[in-house]
Amino acid sequence: MGIQVWFIVLGVGVMTLIVWDGKRRKLKQRSLSAASIAHHAPAAASAPIPDKPFEAISHPAAETSTVAPPDLGHIRGGSRIGSATHVLGKVIADEPVLIKGRLEGTLIAPNHPVSVTATGHVTSYIEGNSVDIDGQIVGTLKANTKATLLARARIVGVVEAPRLECMAGAWLQVDVAQKTSRQRIAMVS
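Residues numbered from 1 in each chain as written. Predicted model: local features only at pLDDT ≥ 70, side-chain atom pairs only at ≥ 80, totals over all residues. Heavy atoms only, no water.

Quick look at unusual backbone geometry now. If you check the backbone angles, S124 has positive phi at about 115° while not being a glycine. Relative to the helices and strands, S124 is located in strand β6 (residues 121–133). The exposure class of S124 is partly exposed, given its relative accessible area of 36%. (Helix = DSSP H or I, 4+ residues; strand = E, 2+ residues; numbered from the N terminus. Buried < 20%, exposed > 50% of the residue type's maximum accessible area, 1.4 Å probe, protein only.)

Attention now goes to the pairing of strand β8 (residues 154–160). Residues in a regular strand project their side chains so that they alternate between the two faces of the sheet. Pairing geometry for strand β7 (residues 136–149) and β8, over 7 bridges, is parallel. Counted as the bridge partner of Q136 is R154 from β8. Two elements, β8 and strand β10 (residues 171–177), share 7 bridges in a ladder whose sense is parallel. Looking at the pairing, E160 lines up with A177 of β10. (Pairing = 2+ DSSP bridges.)

Sheet topology note: the β6/β7 ladder contains 12 bridges and is parallel. Across the sheet, the residue bridging to D132 is T148, located in β7. In the sheet, β7 pairs with strand β9 (residues 164–166) via 3 bridges, with the strands oriented parallel. Across the sheet, the residue bridging to T148 is E165, located in β9.

A word on a nonpolar patch on the surface. Judged by side-chain polarity, I3, F7, L10, V14, M15 and I18 come together as a nonpolar surface patch covering roughly 640 Å² of accessible area. Following the sequence through the fold, M15 ends up in helix α1 (residues 3–40). (Patch = residues over 30% accessible without salt bridge, like charges linked within 9 Å, V, L, I, M, F, W, Y side chains within 5 Å. Areas by Shrake-Rupley, 256 points an atom, 1.4 Å probe, with all protein chains shown as cover. Salt bridge = Lys/Arg side-chain N within 4 Å of Asp/Glu carboxyl O.)

Our focus in this paragraph is the nonpolar core. Core analysis: the biggest nonpolar cluster contains 23 residues, and I99, I126, I133, I137 and L141 have the highest contact counts within it. Where this core is concerned, the elements lending two or more residues are β3 (97–99), β4 (102–109), β5 (114–116), β6, β7 and β8. Per-element accounting of this core gives the leading share, 5 residues, to β7. The contact partners of I99, leaving out residues within four places of it in the chain, are I81, L107, S115, V116, T117, G120, V122 and I126. (Core = buried A, V, L, I, M, F, W, Y, C linked by side-chain atoms within 4.5 Å. Contact = heavy atoms within 4.5 Å.)

Pasting the structure below:
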């Protein structure tokens with residue numbers, strides 16, 4: 001056989017191994033996610049948060065923390081922006097919202113919880129009743145009752161909330177405003 005035939009046979013063999021390895025990894029991930037769902041709570045309706053596709057800012061305290069991050073997949077039902085989804089524009093939701101992907105624009109869900117996972121990235125404006133952030137926000141975050149910034153949160157802009165909870169490891173470069181204090185200032189002036 002000629003050298004060209006050997007290269008073809010070698011290429012087919014390599015491609016077969018790549019496909020086999022991909023199927024093996026997919027089955028392994030399914031079995032791990034099924035085990036973790038069964039271990040944590042049988043009522044959990046979502047898969048675990050996938051590995052982070054990017055890490056814009058690294059912080060040593062977040063990497064050495066021994067406290068397990070809370071599961072943001074607790075939102076049952078509602079709207080979900082998947083990790084492979086990129087939304088441009090305005091989203092208005094009258095249900096809970098879970099963001100694992102990218103949102104460039106506005107998200108408004110004033111009467112419902114909003115969660116941004118570690119893979120989530122929001123640019124511009126986000127508003128919810130209670131907002132949990134473990135991903136990246138550039139712009140304005142408005143929580144009507146409480147904003148929780150988890151260990152992997154990276155926020156640049158403005159945070160407006162009557163209650164703000166910030167975990168060790170969160171990185172902030174923000175102006176913080178309490179909604180009630182702004183109203184009082186307006187009434188005094």
